[in-house]
Structure formats: structure tokens, C-alpha cells
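So you can see what is in the structure, the chains are spelled out below.
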Amino acid sequence: MDVPESAGAGVTGARQVQAVPSALKRCWAASAAMVALLLGGAPAPSLDAQALGETHVLIVSGIPGEPRFANAFHEQARGLASALVVRHGVPRERVTLLAADPSRDPSWISARATKPEISKALARIRLAAAPDDRLLLVLIGHGSGSGANARINIPGPDLSAGELARELASFAPRTVAVVNTASASGDFASVLAGDNRIIITATASAQERNETIFGEHFVAAFTGDGADADKDGRLSLLEAYRYAQREVQRVYERDNRLLTEHARLEDDGDGRGTASPRDESGDGALARRFVFGGGVVAALAASDTVLAGLLRQRAALEQRVEALRARKDGMDAATYEHELETLLVKLAEVDQAARARGGKP
């Protein structure tokens, strides 16, 4: 096992719209999200994922190496698991926690965090996951290696990025998010990237081998309220990433230390993470839609087939709007405006119908 080097302590309207169609004006009161779309801002995250599909969570806490890391890794893993259930509506049975020392908290830790146990946990989730379910995999610990051999240090043989890529291949086409908070984690992005994949790493490359503090602040995004940037009562992975990145930088500046970890997010499939993901396209678009919350809506949809259908329509229309906006530069302006207006009006109508049945975030 390699040991890391120590680093010491530890819309508003952006664009002017030339003309607002009268039909769309009539729908604005029904859906504020449509206004944001027309003004060029990012649309509100879709409710489809948390309303219609389950979120499955696997948290892996690796070998600490030192007592101080043992406490820190346990607190992060246990805190994240509890917050996802208590604060963010993930069913308890959908959260699996593996750790180097299961005896620390048998009520939460299912087994030792070895490669066979990780494989078993992923296999169970694959069998249980419906086509519209999704997986969040969080790796907490020390890392080492590079390329496909980049790895997270766990009891027994370490788990490499290449091995993890093979484990996750059968989850397609479900959305899979991997958050690696370890040192030297940057190369996981290029190895794991693909369609419907979100890869968040604490470092930009394998060369950043010092201990990281990204993990504690990523977890803090879920245990506190400071990461909910749009104050909608829900938390997206993009918001959690931005919060953790901002807090890491603040701590290093406060302690007058050179920043030795540079977090990255990759979710457009090109294998190249970015430090500053966007909301609408490229890196950041998928992470913005991976949202936690909406448990009340999920319960209503489960017993109301009409609401469930409306939520599916809304999700499909939101995706069509985003796809259209991505093609804007290659389209005739009049054609683009006409198609956008048509989609937005329909989306506002469906949104209003869903809200009338209780489908409001």
C-alpha cells in the first residue's frame, strides 16, 4: 500500500430577449423555471430522477494508515450515509457502507471494504436497480498510482480505476456518479468517463499525492445547508462539488498554505475534468440534474399514475429543451426561436398540471 505525502494540517437576466411571445407570457405564472430558460439561465433541475427512480448509494471507506485518518474517514463515511437518509430522502435500505473496520459501527457498516465485498455490493445494486435508477459511489481514503492503475487503498489488494471501470460497465444506461475524495485521484476521470457518468475527483492528476481535505467538505455539503445555492431545498452534485471546492480553497488560504489539491468534475464523457463546470452544457450539465430531495413528490407519484406520467413528460421536455439549446449556434435564428417557444409552452402546461396534482418541488 502506498502512503500519501503529508501536506501539514490536514438570473438574474443575463441576456435580453427581443420579443416575448404572448402565449409564453401567459404561462410564466405557471412555471418560473420557464422564465429562467427563456432568459438564458439554467433550468431548474428535473424532478424525474428523485421522483421516479431510486438513488442507490455505496460508500467505501479505505485503509486510514494513521489514527487521525481512521477517525476522519469514519466520520465522513458515517456522516454522509446518515445525511443522505435523514436529510435528503434516500431510503435507508438503498445506502450501503463498507469500511476498513466494520466493528466501529456495525449498525451502518455492512462489511469490510475489500475488493470482493465491493463487487458483491455493486452486484446487489445492479440486480435491485430499475432502468431509471442511479448509483452514487463515494470513495473515501488514500490513493496512489496513475492511469488505469490509479487506485484507492483498501484492505487487501487495492481497487484500481481500471477494475472499477469493468465493475461499472454493466450499469449502463443508468446514471452513475463516482466521487473519489482520495489523494492522487485525478486519473479516475479519464478511466471511468462515459455516457451518463459523473466523475468527481479531489485532485487534478495522479501527481497530487498529498493528503486531501476535499472529502470532509464534500460531506459537509450534505450535512449542512450552505451548499444549496439556489435555496430550493434540494442539493445537486454540482452544488456539492462547488461548495467543497470553494471551502477547500478557503481553508488553504486561511492557513496560508500552497493549494496542493485541485478538484475536478467530468460528466460530458470526454475524460477531461474541469475545475469550473458550467450549468447548461459540457461538464456540469449532468451533475446539475443529479439531485437529492423531493421525497414528498416521490411518494405522491408512487400512488398517482397521472402525476407519474406528467413528471415523465416534464423530464422528457426539459431534456429536449437542453438538446435544442445545445444546437442553437448551428440553427437559423427564427427556427430556433420557434422551436424553443413551442417546447417552453408545452413544458409550462405540463408543469402546471403536475403542480396542480402536488408535483411541486
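Provided above is the structure to which this section pertains.
Treat the numbers as computed from the prediction; the structure is a model and nothing was measured.

Section: the packing of helix 8 (residues 214–223) against helix 9 (residues 237–254)
Helix-helix packing: each pair is described by the crossing angle between the helix axes and the interaxial distance.
Now for step 1: Running from amino to carboxyl end, helix 8 crosses helix 9 at an angle of 130°, the nearest separation of the two axes being 8 Å. By the angle class used here, helix 8 and helix 9 are oblique. Crossing of helix 8 over helix 9 shows right-handed handedness. Residue-level inspection shows Phe 214, His 217, Phe 218, Ala 220, Ala 221 and Phe 222 of helix 8 in contact with helix 9, the latter providing Leu 237, Ala 240, Tyr 241, Tyr 243, Ala 244, Gln 245, Glu 247, Val 248 and Val 251.
Now for step 2: Along the lines of polarity and charge, the residues of the contact of helix 8 with helix 9 split into 12 nonpolar, two polar and one charged.

Quick word on helix 9
Residue pairs three or four apart in sequence face the same way in an α-helix, which turns once every 3.6 residues.
Now for step 1: Over its 18 residues, helix 9 extends 26 Å from the first C-alpha to the last, a length consistent with the 26 Å expected when each residue adds 1.5 Å.
Now for step 2: Those residues of helix 9 that sit buried are Leu 237, Leu 238, Glu 239, Ala 240, Tyr 241, Tyr 243, Ala 244, Glu 247, Val 248, Val 251 and Tyr 252.
Now for step 3: One or two residues past the end of helix 9 sits Asn 256, with phi positive at roughly 55°.

A word on the pairing of strand 1 (residues 55–61)
Within a regular strand, side chains alternate between the sheet's two faces.
Now for step 1: A large share of strand 1 lies buried, amounting to seven of its seven residues.
Now for step 2: Covered by surrounding structure in strand 1 are Thr 55, Val 57, Ile 59 and Ser 61 together with His 56, Leu 58 and Val 60, the residues of both alternating faces.
Now for step 3: Here strand 1 pairs with strand 2 (residues 95–99) via five bridges, running parallel. Bridge assignment links Leu 58 to a residue of strand 2, and that residue is Thr 96.
Now for step 4: Remark: the strand 1/helix 4 (residues 67–86)/strand 2 crossover connection has right-handed handedness.

Concerning helix 5 (residues 115–128)
Now for step 1: With 14 residues, helix 5 extends 20 Å from end C-alpha to end C-alpha; this agrees with the ideal 20 Å at 1.5 Å per step.
Now for step 2: In this structure, the buried residues of helix 5 make contact with strand 1, strand 2, strand 4 (134–140), strand 7 (159–160) and helix 6 (161–168).

Re the packing of helix 4 against helix 8
Now for step 1: The interhelical angle for the contact between helix 4 and helix 8, taken along N-to-C directions, is 20°, at an axis separation of 9 Å. Between helix 4 and helix 8, the interaxial angle falls into the category roughly parallel. Crossing hand, helix 4 versus helix 8: left-handed. Between helix 4 and helix 8, the residues in contact are Gln 76, Gly 79, Leu 80, Ala 83 and Leu 84 and Gly 215, Glu 216, Val 219, Phe 222 and Thr 223, respectively.
Now for step 2: Across the contact of helix 4 with helix 8, the residue classes break down as five nonpolar, four polar and one charged.

Quick word on the sheet that holds strand 5 (residues 143–144)
Now for step 1: Spatial strand order, 5-6-7: three strands in an open sheet with antiparallel pairing. Two strands close off the open sheet at either side, each with one partner strand: strand 5 and strand 7.
Now for step 2: Where strand 5 meets strand 6 (residues 151–152), two bridges bridge the pair, whose relative direction is antiparallel. From the neighbouring strand, Ser 144 faces strand 6, where its bridge partner is Arg 151.

Observations concerning unusual backbone geometry
Now for step 1: Ala 172 connects to Pro 173 through a cis peptide bond whose omega is 5°.
Now for step 2: One can find Pro 173 in the loop between helix 6 and strand 8 (175–180).
Now for step 3: Phi is positive for Asn 196, which is not a glycine, with a value near 55°.
Now for step 4: Here Asn 196 is to be found in the loop between helix 7 (188–192) and strand 9 (197–201).
Now for step 5: Of note, the phi angle at Asn 256 is positive, near 55°, even though the residue is not glycine.

Digging into the nonpolar core
Now for step 1: Counting 46 residues, the largest nonpolar core has Ile 59, Leu 136, Phe 214, Phe 222 and Leu 237 as its most contacted members.
Now for step 2: Residue contributions to this core peak at nine residues, all from helix 9.
Now for step 3: Discounting residues that sit within four places of it in the chain, Leu 237 has contacts with Leu 136, Ala 177, Ile 198, Ile 200, Phe 218, Phe 222, Ala 287, Phe 290 and Phe 292.
Now for step 4: Listed in part, the 28 residues of the second largest apolar core include Ala 121, Ile 125, Phe 188 and Ala 189.

Quick word on the sheet that holds strand 3 (residues 109–112)
Now for step 1: The strand order across the open sheet formed by seven strands is 3-2-1-4-8-9-11, and the pairing between neighbours is mixed. For this open sheet the edge positions go to strand 3 and strand 11 (264–266), each flanked by a neighbour on one side alone. For this sheet, the mean angle separating the axes of adjacent strands, direction not counted, is 15°.
Now for step 2: Direction of pairing for strand 4 relative to strand 8: parallel, over a ladder of six bridges. Looking at strand 8, one finds that Arg 134 is bridged to Thr 175.

Some thoughts on the pattern of salt bridges
Now for step 1: Following the criterion strictly, the structure yields 12 salt bridges and no others.
Now for step 2: As a salt-bridge pair, Arg 151 and Asp 158 come within 3.5 Å of each other at their nearest N and O atoms. Asp 158 carries the same exposure label as Arg 151, and that label is buried.
Now for step 3: For Asp 255, the salt bridge identified is with Arg 254, shortest N-O distance 3.0 Å.

Quick look at the environment of Glu 117
Now for step 1: Here Glu 117 lies in helix 5.
Now for step 2: By relative accessible area, Glu 117 is classed as partly exposed at 21%.
Now for step 3: The sequence separation of Glu 117 and Leu 98 amounts to 19 residues, and the corresponding C-alpha distance is 7.9 Å.
Now for step 4: Discounting chain neighbours no more than four positions away, the residues touching Glu 117 are Leu 98, Ala 111 and Arg 112.

Calculation criteria
- Residues numbered from 1 in each chain as written.
- Predicted model: local features only at pLDDT ≥ 70, side-chain atom pairs only at ≥ 80, totals over all residues.
- Heavy atoms only, no water.
- Axes fitted to C-alpha atoms, helices over the stretch in contact; angles between N-to-C directions.
- Helix = DSSP H or I, 4+ residues; strand = E, 2+ residues; numbered from the N terminus.
- Parallel < 35°, antiparallel > 145°, perpendicular 65-115°, else oblique.
- Left-handed = near helix turned anticlockwise from the far one by under 90°.
- Contact = heavy atoms within 4.5 Å.
- Nonpolar A, V, L, I, M, F, W, Y, C, P; charged D, E, K, R; others polar.
- Expected span 1.5 Å × (residues − 1).
- Buried < 20%, exposed > 50% of the residue type's maximum accessible area, 1.4 Å probe, protein only.
- Pairing = 2+ DSSP bridges.
- Right-handed = clockwise from strand over helix to strand, strands pointing away.
- Core = buried A, V, L, I, M, F, W, Y, C linked by side-chain atoms within 4.5 Å.
- Salt bridge = Lys/Arg side-chain N within 4 Å of Asp/Glu carboxyl O.

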